[in-house]
Amino acid sequence: ILADAALQEDAIASGWRDETDVVVIGSGGAGLAAAVAARDAGAGVIVLEKEPVPGGNTKLAAGGMNAAETKSHQQLGIVDHKQSMIDDTMKGGHNINDAALVAVLANESAASIEWLTSLGADMTDVGRMGGASVNRSHRPAGGAGVGAHVAQVLWDSAVSRGVQVRFNSRVVRLLQNDSGEMTGVLVHGAHTGYYAIKAGAVILATGGFARNNPLVASLDQNLAGFENTNQPGATGDGLEVARLAGAATRDLEYIQAHPTYS
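Residues numbered from 1 in each chain as written. Predicted model: local features only at pLDDT ≥ 70, side-chain atom pairs only at ≥ 80, totals over all residues. Heavy atoms only, no water.

Draft legend 1. Main features of the overall build of the chain. In terms of regular secondary structure, the chain is built from nine helices and nine strands. In terms of overall dimensions, the chain is globule-like: its C-alpha atoms have a radius of gyration of 20 Å, near the 18 Å expected for 262 residues. Here the chain holds 262 residues, and the buried ones make up 39% of them. Pairs at least 24 apart in sequence give 63% of the contacts found in the chain among residues at least 6 apart. Working note: accessible area of the chain is about 13600 Å², and carbon and sulfur atoms make up 51% of it. One finds the centroid of the 18 positive side-chain charges in the chain at a distance of 3 Å from the centroid of its 27 negative side-chain charges. (Helix = DSSP H or I, 4+ residues; strand = E, 2+ residues; numbered from the N terminus. Rg over C-alpha atoms; globule rule 2.2 N^0.38 Å. Buried < 20%, exposed > 50% of the residue type's maximum accessible area, 1.4 Å probe, protein only. Contact = heavy atoms within 4.5 Å. Areas by Shrake-Rupley, 256 points an atom, 1.4 Å probe, with all protein chains shown as cover. Lys, Arg positive; Asp, Glu negative; His and termini not counted. Charge placed at Lys NZ, Arg CZ, Asp CG, Glu CD.)

Draft legend 2. Summary view of the sheet that holds strand β3 (residues 65-66). Taking strand neighbours across the sheet as the criterion, the three strands line up as β3-β5-β4 in an open arrangement whose pairing is antiparallel. One side of each edge strand has no neighbouring strand; the edge strands of this open sheet are β3 and β4 (125-127). Note: β3 against strand β5 (residues 137-139), two bridges, orientation antiparallel. Each residue of the ladder has a partner; that of Asn 66, found in β5, is Ser 137. (Pairing = 2+ DSSP bridges.)

Draft legend 3. Local environment of the packing of aromatic side chains. Counted under the stated rule, the structure contains one aromatic pair. Where Trp 155 meets Phe 167, the ring centres are 5.9 Å apart and the plane angle is 35°; that geometry is what we call tilted. With Trp 155 in helix α7 (residues 146-160) and Phe 167 in the loop between β6 (164-166) and β7 (169-176), this residue pair connects regions lying 12 residues apart in the sequence. Of the residues examined, Trp 155 reaches a relative accessible area of 23% and is grouped as partly exposed. The class for Phe 167 is partly exposed, based on a relative accessible area of 27%. (Phe/Tyr/Trp six-rings, centres within 6.5 Å; stacked < 30°, edge-to-face > 60°.)

Draft legend 4. Main features of the pattern of salt bridges. Per the counting criterion, the structure on display carries 11 salt bridges. Linking Arg 173 and Glu 9 is a salt bridge whose minimum nitrogen-to-oxygen distance equals 2.9 Å. Pair noted here: Arg 173 is in strand β7 and Glu 9 is in helix α1 (residues 5-13), with a separation of 164 residues, a long-range link. Among the residues examined, Glu 9 registers a relative accessible area of 41% and is labelled partly exposed. Across the pair Arg 136 and Asp 80 runs a salt bridge whose closest N-O atoms are separated by 2.9 Å. Here Asp 80 lies in the loop between α3 (71-76) and α4 (82-92) and Arg 136 lies in the loop between β4 and β5, a separation of 56 residues in the sequence. Taking relative accessible area as the criterion, Arg 136 reaches 2% and is therefore assigned buried. (Salt bridge = Lys/Arg side-chain N within 4 Å of Asp/Glu carboxyl O.)

So this is what it looks like as structure tokens:
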């Protein structure tokens, strides 16, 4: 991250090259959803993606999106409850999950499906994935991969709203004022070099670190040398950028390794 420290400092000293209301780092499901929501709230948005294509790991997801008490449930005659989703999720996590976050996951799940549907997503098929006591895994009719579908819907929604997306653009530093408040980001563009963007808010949506096996192994030695099918950008440099800005981390050691590839 700091390999070109002198060049980075020069770019910061030269001032802001661009300015916007919101900078979103990462163009996976979280990043694109944040960009669309911010744009709908009236904000100017720039999405920065270090890879040459959007979608992150979201575009690779093939199962479904768990949600309880949805309209699809009603239409299909499936009886499910948010508390049941909470209970199943806590059980699957051996009850060491953050209960408050699990509650958010379950209680906001139907609204999330509704929001995606309002953008044009097809989440009408409902099946059952591991750990669920009832059918609650929402996906497109006909068996299309849910991740690629959701990523496409979010991408189309962002583009149609005028969200500016810059590829090959890696954020290397979160910029702060003397009070510690975020003021913007320092970007390394593959074709433009280092430059700074001033922003009223910065949203970090950089995803995971499965492609960084030394980091994975430092947290769980059993996973040393494991191959993976994550997208190439999942190297955890977003974590490093956050740490440099003084952010704390937690629960990094809880890593799920799916055994069907490695």
